[in-house]
Amino acid sequence: QVQLVESGGGLVQAGGSLRLSCAASGRTFSNYAMGWFRQAPGKEREFVAAITRSGGKTYYAESVKGRFTISRDNAKNTVYLQMNSLKPEDAAVYYCTASTMYWSDSYYPGNRGDYAYWGQGTQVTVSS
């Protein structure tokens, strides 16, 4: 089992940037594909981005493509989400998540069921 702890959330003005981090512990980090989801009040938890074990392939929700970048450092057991050009609609609790699945080249890992482990979340607030 892997434990995930997010950090880096906070309050930012629209148009600003934040970088979220997720530190993993407990098992070999490079054994897991990683992802980020978010949940705004009254809404379903939604997929944001994912990255394969090696970092060689990334996936993004259409709503964040071109603005957000997911990356990982396997030596530091950490996955990051760089968020630029933030909009008020990006405000949510952001969750880090780990997957034990091996995704085929054509697979889009956008479902909650693709992931086995979750962090507690970090709040992102965007003021207009």
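The notes below deal with the structure included here.

Calculation criteria
Residues numbered from 1 in each chain as written. Predicted model: local features only at pLDDT ≥ 70, side-chain atom pairs only at ≥ 80, totals over all residues. Heavy atoms only, no water. Core = buried A, V, L, I, M, F, W, Y, C linked by side-chain atoms within 4.5 Å. Buried < 20%, exposed > 50% of the residue type's maximum accessible area, 1.4 Å probe, protein only. Helix = DSSP H or I, 4+ residues; strand = E, 2+ residues; numbered from the N terminus. Phe/Tyr/Trp six-rings, centres within 6.5 Å; stacked < 30°, edge-to-face > 60°. Lys NZ or Arg CZ within 6 Å of the ring centre and 35° of its normal. Salt bridge = Lys/Arg side-chain N within 4 Å of Asp/Glu carboxyl O. Pairing = 2+ DSSP bridges. Axes fitted to C-alpha atoms, helices over the stretch in contact; angles between N-to-C directions.

Points about the nonpolar core
Part 1: Met 34, Trp 36, Val 79, Leu 81, Met 83 and Tyr 94 are the most contacted members of the largest nonpolar core, which totals 37 residues.
Part 2: Counting only elements with at least two residues in this core, the list comes to β3 (18-25), β4 (33-39), β5 (46-51), β6 (58-60), β7 (68-73), β8 (78-83), β9 (92-99) and β11 (122-127).
Part 3: It is β5 that contributes the most residues to this core, 5 residues altogether.

Topic: the packing of aromatic side chains
Part 1: Under the counting rule described, the total for this entry stands at 9 aromatic pairs.
Part 2: When the centroid spacing of 5.6 Å and the interplanar angle of 90° are considered together, the rings of Tyr 59 and Trp 103 count as edge-to-face. In this pair, Tyr 59 sits in strand β6 while Trp 103 sits in the loop between β9 and β10 (117-118), placing the two residues 44 residues apart along the sequence. Both residues of the pair, Tyr 59 and Trp 103, belong to the buried class.
Part 3: Members of the aromatic cluster, connected to one another through ring pairs, are Phe 37, Phe 47, Tyr 59, Trp 103, Tyr 108, Tyr 115 and Trp 118.
Part 4: The ring of Tyr 95 is capped by Arg 45, whose NZ or CZ atom sits 3.6 Å from the centre of that ring.
Part 5: In this arrangement the basic side chain of Arg 45 is found over the ring face of Trp 118, its NZ or CZ atom lying 5.1 Å from the centre.

Some words on the pattern of salt bridges
Part 1: On inspection of all chains with the given rule, the structure shows 4 salt bridges.
Part 2: With its nearest N and O atoms 2.9 Å apart, the salt bridge here joins Asp 90 to Arg 38. With Asp 90 in the loop between β8 and β9 and Arg 38 in strand β4, this residue pair connects regions lying 52 residues apart in the sequence. For the pair formed by Asp 90 and Arg 38, the shared burial category is buried.
Part 3: Glu 62 serves as the salt-bridge partner of Lys 65, at 2.7 Å between the closest nitrogen and oxygen.
Part 4: Residue Lys 65 is classed as partly exposed on the basis of its relative accessible area, which comes to 47%.

Brief notes about the sheet that holds β7
Part 1: Here 4 strands make up an open sheet; going across it, the order is β1-β3-β8-β7 and the pairing antiparallel. Both outer strands of the open sheet, β1 (3-7) and β7, are each paired with one neighbouring strand and no more. Put simply, the sheet's adjacent strands are angled 15° from each other on average, direction ignored.

Focus: the pairing of β5
Part 1: In terms of residue burial, β5 counts as a mostly covered element, since 5 of its 6 residues are buried.
Part 2: Of the strand pairs in this sheet, β4 and β5 are connected by 5 bridges, and their pairing is antiparallel. Opposite Arg 38, over in β5, you have Glu 46 as the bridge partner.
Part 3: Two successive antiparallel strands, β4 and β5, enclose a turn made up of 6 residues, where Gly 42 displays a positive phi of approximately 80°.
Part 4: Inspection of the sheet shows β5 paired to β6 by 3 bridges, in the antiparallel sense. Bridge pairing links Ala 49 to Tyr 60 in β6.
Part 5: Linkage of β5 to β6, two consecutive antiparallel strands, is achieved through a turn of 6 residues, within which Gly 55 is found at a positive phi near 85°.

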